[in-house]
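A closer look at the structure
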Amino acid sequence: MQEAAGVLKEGFLVKRGHIVRNWKVRWFVLLQDKLLYYKIEGGKKEPSPKGRILLDGCTITCPCLEYENRPLLIKLKTKTNTDYFLECCSREERDSWALDITGAIHAGHPVQVQELHRMKNSFKLLENISLHHIVERMCDSSTGIKLTRNLEQGNRYKETFTGSALVDWLISNSFAVSRFEAVTLASMLMEENFIKPVGARSTEATRYSDLSEQFLDDSTALYMFAESSKKKSSSKEELQFNISELRGTIVKQGFLVKQGHKRKNWKVRRFVLRADPAFLHYYDPTKEENRPVGGFSLRGCLVSALEDNGVPAGVKGNVQGNLFKIITKNDIHYYIQASSKAERAQWIEAIKPLT
């Protein structure tokens, strides 16, 4: 999975199928005029692409909120009216992919590219904007912002939404054209007591004096409508993992390929690295439920890169390149593959201080 000539960007994305509407992880390669996607077998990209998306005449929608449980989508509509839905593992990655794809679509039109970059950092709220109208739209049962239960520092909050979810919703519903505008608008909603922060992350931000810094465009900052119900302790909630494991600060997240413990097959997983407490959890990106399928404490772990010359001991199949290994204090071995040497080094560098 090394970068080839002419490649503008590449990496894992989760794609919705056309016939069977399931979700599969694919390796995407962005070229100047097309987006190729490959199947990964045994930790290796197949030599021929499984499909391609021609970018000429494409339109892109980002953020795309058509799937409630998949908030990090990009939608591409080709000039033949074929829809492609692509899911990323974080808001930052989604916005990066969207910007690069948009740049490729408009590559032959430099004026449009300049306008896109200008709009990205623009600030011009709609004239005569009504905060009451925005809140009414937010509360709409079918098109409003989705309220969910969220966990923070051991407490479970009902009927909340994250800061980044509100920013996405404001842009998707044409109340703002950039994230900067949407953050300012959300800050106004908070200032006028239409919404309020809940949990330590968002409440702490309100201590800043500058209004623009009080609302957080962050997937860990929680908010609710001002008249919404109170927080509820989650001591009786049935969770797959102990709450204390999931309350740490997210340090890093991304797609990696992991070898299974029993079948020894290789699967793409979304890894989330947390600190205080230090845990590494992994999720199945093809599933809608946002619960880990595995994870472990990093205390006492050993992490190291594996040599790229030949198949290392313990690795099944002809999987080579960009591998690293984590050994837990209980002597459980995890074999993980990154998409490049640089990405492998970044993960090792992030994990080591937490062991």
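Throughout what follows, the structure given in this document is the object of discussion. (Residues numbered from 1 in each chain as written. Predicted model: local features only at pLDDT ≥ 70, side-chain atom pairs only at ≥ 80, totals over all residues. Heavy atoms only, no water.)

Let us look at the overall build of the protein chain. Helix and strand counts for the protein chain stand at 8 helices and 21 strands. Considering only contacts in the protein chain between residues 6 or more positions apart, those separated by 24 or more positions represent 52%. Total accessible area on the protein chain is roughly 18400 Å²; 47% of this is exposed by carbon and sulfur atoms. (Helix = DSSP H or I, 4+ residues; strand = E, 2+ residues; numbered from the N terminus. Contact = heavy atoms within 4.5 Å. Areas by Shrake-Rupley, 256 points an atom, 1.4 Å probe, with all protein chains shown as cover.)

Burial of strand S8 (residues 73-77) is extensive: 4 of the 5 residues sit out of reach of the surface. Note: strand S7 (residues 59-64) against S8, 4 bridges, orientation antiparallel. The residue of S8 that forms the bridge with threonine 59 is lysine 77. Pairing geometry for S8 and strand S9 (residues 83-87), over 5 bridges, is antiparallel. In the sheet register, leucine 76 faces S9, and the bridge partner there is tyrosine 84. Between S8 and S9, which follow one another and run antiparallel, lie 5 residues, and asparagine 81 among them has a positive phi close to 65 degrees. (Buried < 20%, exposed > 50% of the residue type's maximum accessible area, 1.4 Å probe, protein only. Pairing = 2+ DSSP bridges.)

This part covers unusual backbone geometry. In this chain, cysteine 62 is followed by proline 63 through a cis amide linkage whose omega measures 5 degrees. Looking at the secondary structure, you find proline 63 in strand S7. Phi at aspartate 276 takes a positive value of approximately 55 degrees, unusual for a residue other than glycine. You can see aspartate 276 is positioned in the loop between strand S16 (266-275) and strand S17 (279-283). For aspartate 276, a relative accessible area of 68% corresponds to the exposed category.

Our focus in this paragraph is the environment of proline 312. Mapped onto the secondary structure, proline 312 falls in the loop between strand S19 (302-305) and strand S20 (323-327). For proline 312, a relative accessible area of 16% translates into the label buried. For the pair proline 312 and leucine 323, spaced 11 residues apart in the sequence, the C-alpha separation amounts to 9.0 Å. Those residues within four positions of proline 312 in sequence are excluded, and the remaining contacts are Leu306, Glu307, Val319 and Leu323.

What follows deals with the side chain of threonine 328. Within the secondary structure, threonine 328 sits in the loop between S20 and strand S21 (333-337). By relative accessible area, which is 9% here, threonine 328 ends up buried. Among residues more than four places away in sequence, those in contact with threonine 328 are Phe296, Gly300, Cys301 and Tyr334.

In this section: the sheet that holds S7. Within a sheet, adjacent strands bond to each other through the backbone by hydrogen bonds, running parallel or antiparallel. As summarised here, the arrangement of the 7 strands in space is S6-S3-S2-S1-S9-S8-S7, forming an open sheet in which the pairing is antiparallel. With one partner strand each, in any of the chains shown, strand S6 (51-54) and S7 form the two edges of the open sheet. Ignoring strand direction, the axes of neighbouring strands in this sheet form an average angle of 35 degrees. (Axes fitted to C-alpha atoms, helices over the stretch in contact; angles between N-to-C directions.)

Turning our eyes to something else, we now look at helix H8 (residues 341-351). Residues separated by three or four positions in an α-helix point in the same direction, a consequence of the helix having 3.6 residues per turn. For H8, the full list of buried residues reads Glu343, Arg344, Trp347, Ile348, Ala350 and Ile351. The buried residues of H8 occupy one face: seen down the axis, they fall within an arc of 165 degrees. Exposed side of H8, more than 90 degrees from the buried face: Lys341 and Glu349 are the residues found there. The inward-facing, buried residues of H8 contact strand S15 (249-259), S16, S17, S19 and S20. (Arc of directions from axis to C-beta.)

Taken in spatial order, the 7 strands make up an open sheet running S18-S17-S16-S15-S21-S20-S19, and their pairing is antiparallel. Because the sheet does not close on itself, it has two edges, and the strands there are strand S18 (294-297) and S19. In this sheet, neighbouring strand axes are inclined to one another by 30 degrees on average, regardless of whether the strands run parallel or antiparallel. Where S19 meets S20, 4 bridges bridge the pair, whose relative direction is antiparallel. Within the sheet, the bridge partner assigned to alanine 305 lies in S20 and is phenylalanine 324. On the sheet, H8 packs against S15, S16, S17, S19 and S20 and is oriented at approximately 130 degrees with respect to S15.

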